[in-house]
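# Fold and contact review
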Amino acid sequence: MADTAIRRSPLGHAADRFAAATRASGGDLRLAELPFLGQVNVRLDPKGPAADAVELALGLRLPLEPNTVVHAGDRSALWLGPDEWLVVGPPGSRADLAHRIRDAAGEGPAAVTDVSAQRTTVLVTGRRARDLLAHGCPLDLHPRAFGPGRCAQTTLARAQVVLVPRGEPRAGFWLLVRSSYAGYLADWLLDAASEYV
């Protein structure tokens, strides 16, 4: 499907409920979907020439330390495993990201998969964002343990997510969740957020 095609976001139906919860919290929480981010899964040898070429093509270093993320402009690379990353870009970038990465990797052993339609992203920000997520996440979310530059594949309310603290602590979190679980997770977030309204 072309990036310009009309698509429905997995949480389009929750936008009004997210906005109402945000208003009701008095600024303590903000919930919003960030639909259609470009997401490309990359598997390759981190010490091989393809890794260097991909980094150059993206203008973005692939992180080598477990559970870290690197940002450059509007792109991010999330470490998912010793030879696996998720490259995230703005809406409409999925085809370009995948093309750049495939071209850069060349004929070397690499797997490049556009997974943009597999997940959506929920933004959780505000003074109580960590408190809200701590209700359903087994990780220590204190900024000293899980602050900017980190990421983790974990569960939130028993749904698998990729959790990414964004920039400074006030910038909140990205929750990358499979589209099939997005409605469930939205309902859980809204229910848990009711404690703060």
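## Observations concerning the side chain of serine 93
Along the polypeptide, serine 93 turns up in the loop between strand 5 (84-91) and helix 3 (94-105). Reaching out from serine 93, the side chain makes a polar contact with the backbone oxygen of proline 90 at a distance of 2.6 Å.

## Remarks on the sheet that holds strand 10 (residues 173-178)
Pairing is antiparallel across the open sheet formed by five strands, whose spatial order is 1-7-10-9-8. The open sheet has two edge strands, strand 1 (30-34) and strand 8 (152-156), and neither has a second partner. On average, each strand axis in the sheet is tilted by 30° relative to the strand beside it, whichever way the strands run. Sheet topology places strand 9 (residues 159-165) next to strand 10; five bridges connect them, and they run antiparallel. By the bridge assignment, proline 165 is partnered in strand 10 with phenylalanine 173. Here helix 1 (residues 15-24) sits on the sheet and contacts strand 1 and strand 7 (119-125); the angle it forms with strand 1, its principal contact strand, is near 155°. Helix-sheet contacts for helix 5 (residues 179-193) involve strand 1, strand 7, strand 8, strand 9 and strand 10, and the interaxial angle to strand 10 is about 135°.

Quick notes on the rules
Each chain has its residues counted from 1, running along the sequence as written. The predicted nature of this model means local features are confined to residues of pLDDT at least 70 and side-chain atom pairs, given and counted, to a pLDDT of 80 or more, with totals for whole chains, interfaces and linings taken over all residues. In computing side-chain properties, one takes all heavy atoms of the structure into account and sets aside hydrogens as well as water. Only DSSP runs of H or I with at least four residues qualify as helices, and only runs of E with at least two residues qualify as strands; both kinds are numbered from the N terminus onward. Any pair of nitrogen or oxygen atoms within 3.5 Å is treated as a polar contact; in protein, a donor-acceptor pairing is required on top of that, and neighbouring residues in sequence qualify only through side-chain atoms on both sides. A pair of strands is treated as paired once DSSP finds two or more bridges between them. The axes are straight lines fitted to the C-alpha atoms, using for helices just the contacting stretch, and the angles between their N-to-C directions are given from 0 to 180°. Residue contacts follow a heavy-atom distance rule, with two residues in contact if any of their heavy atoms lie within 4.5 Å.

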